[in-house]
Amino acid sequence: HTMSLAADEQGKVFDRMPEAVETGGYMPVMTPELIEEQKGIVWELLRQFGQAITQGRDLTAVSLPIQLFEPRSYLERLTDAWVYGPIFLTRAAETTDPVERMKNVITFAISGLSNTGYPKKPFNPILGETYQATWPDGTRILSEQSSHHPPVTSWQLFGPDNSYHFYGNGEWAASFSGNSISGGQKGTHYVEFKDGTVIEYDLPEVHVRGMIYGDRFFEYEGMMLVRDKKNDLQARIQFKTDLYFPKSGGWFSMRKKVPTDYFKGSITALSDPRKVYSVVEGSWVGAVEFDGKTYWDWKQSLEKAKPIPVDTPLPSDSRYREDLVHLAAGKKEEAGEWKYTLEQKQRADRALRAEGRELRRKQALAAEAKKLGITVEELEARKAANDPKSSWW
């Protein structure tokens, strides 16, 4: 039967990290000074942009002050969510059971979310910027910024002895909404194994609460979809569920909703969701369980893989960014100046690319007009009228 997430279903209790918020989510460790500094910057943005910034304005196109940044590029920051890869992706590669393999990929994806709540943001990568590193187990990590607007990052990881190939690309989106920043990485993740199995998944949306007032904490919300087409498997996992804890204290006691970091879902047949193979539930700041068996628990103190930068990276590697280098050295003023300089270079490069596209468009128009024996103005008039005689469409 299909698993229900109805509001009257009872939720299991999971032990969660000390940083977990009582009502749900993850609260990063921040000093009062850092909190006040960041909220002051948000108020300054409100002064500059007015209500537009709290009504869904795209933050990826806004130049933010250096005080909000940590000395890492987003290309490196991506790896924070993959810290348990050497454990769970390796287990997924070693098993031949398709359901067990999917369980380990799901555990890899969800457990890593507990390592993504940082108080400062990474630098936006420059188009063509790269990052190269390895994990201690020999896994190779490669990432590159493949688009500037919209900002898209592409990555590839090759497990030990190519036991798995983890790849994908994601567009980072972020916008203000009231007292929160909402966004996330839009794009599909793929994990390919030697037998040809490919498991793909999408991540839920992330929300950073308390940007202007109240406590600062992170939440994930929405549906996580996982698919294995070769083995006819899928998983649908709901984050921020409508589950409640069992009543306690008698008939007149109030039901208490489970924390918002709880999730629940099931692995089913892709062709027939009524065929349920396993039920998954837990908290992304606590544990991942399948049918009552624990696959990940924060108390296990599993080793988090730290990327080791390669010795001879490409000249485009993020470690060479001047703004990042100066910020890492504690030179905020110089870092801010270099950040502005690099942003200006990006804008100039973008203008040149747009100019090149327009030039090629005009050249193509002229060539087609000559072939048809008409003027460019006549050809453009035809296109404006959507003339089928024009091959441009």
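The text that follows walks through the structure, step by step, so that each part is easy to find. (Residues numbered from 1 in each chain as written. Predicted model: local features only at pLDDT ≥ 70, side-chain atom pairs only at ≥ 80, totals over all residues. Heavy atoms only, no water.)

### A word on the nonpolar core
A general feature of soluble globular proteins is that nonpolar side chains tend to end up buried together. Of all hydrophobic cores here, the largest spans 61 residues; its most connected members are W82, I106, I110, F166, Y201, F239 and W284. If you tally residues by element for this core, the top one is helix α4 (residues 98–111), at 7 residues. Not counting residues up to four positions away in its chain, the partners in contact with W82 are F108, W135, W155, L157 and F166. (Core = buried A, V, L, I, M, F, W, Y, C linked by side-chain atoms within 4.5 Å. Buried < 20%, exposed > 50% of the residue type's maximum accessible area, 1.4 Å probe, protein only. Helix = DSSP H or I, 4+ residues; strand = E, 2+ residues; numbered from the N terminus. Contact = heavy atoms within 4.5 Å.)

### Digging into the pairing of strand β13 (residues 233–239)
Regular strands place side chains that alternate from one sheet face to the opposite one. Counting buried residues in β13 gives 5 out of 7 residues, a clear majority hidden from the surface. Examined bridge by bridge, strand β12 (residues 217–228) and β13 share 7 bridges and lie antiparallel to one another. The residue of β13 that forms the bridge with R227 is Q234. Linking β12 to β13, which pair antiparallel, is a turn of 4 residues; within it D232 sits at a positive phi near 55°. (Pairing = 2+ DSSP bridges.)

### Observations regarding the packing of helix α3 (residues 85–94) against α4
The interhelical angle for the contact between α3 and α4, taken along N-to-C directions, is 165°, at an axis separation of 8 Å. Looking at the two axes, α3 sits roughly antiparallel to α4. α4 is crossed by α3, and the crossing has left-handed handedness. Mapping the contact onto sequence places G85, F88, L89, R91, A92 and A93 in α3 and R101, N104, V105, T107, F108 and S111 in α4. (Axes fitted to C-alpha atoms, helices over the stretch in contact; angles between N-to-C directions. Parallel < 35°, antiparallel > 145°, perpendicular 65-115°, else oblique. Left-handed = near helix turned anticlockwise from the far one by under 90°.)

### Describing the environment of E70
With respect to the helices and strands, E70 occurs in strand β2 (residues 69–73). Considering only alpha carbons, one finds E70 and K120, 50 residues apart in sequence, at a separation of 5.7 Å. Looking at E70, its side chain comes within polar contact range of the side chain of R77, at 2.6 Å. (Polar contact = N/O pair within 3.5 Å; in protein donor to acceptor, adjacent residues only side chain to side chain.)

### A few points about unusual backbone geometry
Omega for the peptide link from H149 to P150 comes to 0°, which places this bond in the cis form. With respect to the element layout, P150 can be found in the loop between β5 (140–147) and β6 (152–158). You will see that D161, though not glycine, has its phi angle at about 55°, which is positive. Inspection of the secondary structure assignment puts D161 in the loop between β6 and β7 (164–177). The backbone phi angle of S301 is positive, close to 55°, even though this residue is not glycine. Residue position: S301 is located in the loop between β17 (293–297) and β18 (308–309).

### A short note on α4
Taking 1.5 Å of rise per residue, the 14 residues of α4 would be expected to cover 20 Å, and the 20 Å separating its terminal C-alpha atoms lies within 8% of that figure. Among the 14 residues of α4, 12 are classified as buried, and the element is accordingly described as predominantly covered. All of the buried residues along α4 are V99, R101, M102, K103, N104, V105, I106, T107, F108, A109, I110 and S111. N-cap assignment for α4: the residue whose side-chain oxygen lies 3.0 Å from the backbone N of V99 is D97. (Expected span 1.5 Å × (residues − 1).)

### Focus: the packing of helix α6 (residues 332–372) against helix α7 (residues 376–384)
For any two helices packed against each other, the geometry comes down to the angle between their axes and how far apart the axes lie. Between α6 and α7, the least distance of the axes is 9 Å, while the angle of their chain directions is 100°. When the interaxial angle is binned, α6 and α7 end up roughly perpendicular. Where α6 approaches α7, its residues R361, L365, A366, E368, A369 and L372 are matched on the opposing element by V376, L379, E380, R382 and K383. Classifying every residue of the contact of α6 with α7 gives 6 nonpolar, no polar and 5 charged. (Nonpolar A, V, L, I, M, F, W, Y, C, P; charged D, E, K, R; others polar.)

### Some points on the pattern of salt bridges
Between side chains of opposite charge, a pair can form as their charged atoms come close. Using the criterion set out here, one finds 24 salt bridges in the structure. One salt bridge in this structure joins E200 and R227, with 3.1 Å as the shortest N-O distance. Placement of the pair is E200 in strand β10 (residues 198–201) and R227 in strand β12, with a sequence separation of 27 residues. The pair formed by E200 and R227 is uniform in burial state, with each residue classed as buried. The shortest N-O distance in the salt bridge between E343 and K339 comes to 2.7 Å. With E343 and K339 both in helix α6, this residue pair falls 4 residues apart, about one helical turn. Exposure remark for E343: the relative accessible area of 16% places this residue in the buried category. (Salt bridge = Lys/Arg side-chain N within 4 Å of Asp/Glu carboxyl O.)

### Describing the packing of aromatic side chains
Following the criterion strictly, the structure yields 13 aromatic pairs and no others. Judged by centre distance (5.6 Å) and plane angle (45°), the ring pair of W82 and W155 falls under tilted. Separated by 73 residues along the polypeptide, W82 in the loop between α2 (74–77) and α3 and W155 in strand β6 bring together distant segments of the chain. Residue W82 shares its accessibility class with W155, and that shared class is buried. Arranged with centres 5.1 Å apart and planes meeting at 80°, the rings of W82 and F166 form a pair that is edge-to-face. Taken together, the residues W82 in the loop between α2 and α3 and F166 in strand β7 connect sequence positions 84 residues apart. Among the residues examined, W82 registers a relative accessible area of 4% and is labelled buried. Accessibility expressed as a relative area gives 0% for F166, which makes it buried. What links up through ring pairs into an aromatic cluster is the set W82, F108, W155 and F166. Its end group placed over the ring of Y118, R72 keeps NZ or CZ at 5.5 Å from the ring centre. (Phe/Tyr/Trp six-rings, centres within 6.5 Å; stacked < 30°, edge-to-face > 60°. Lys NZ or Arg CZ within 6 Å of the ring centre and 35° of its normal.)

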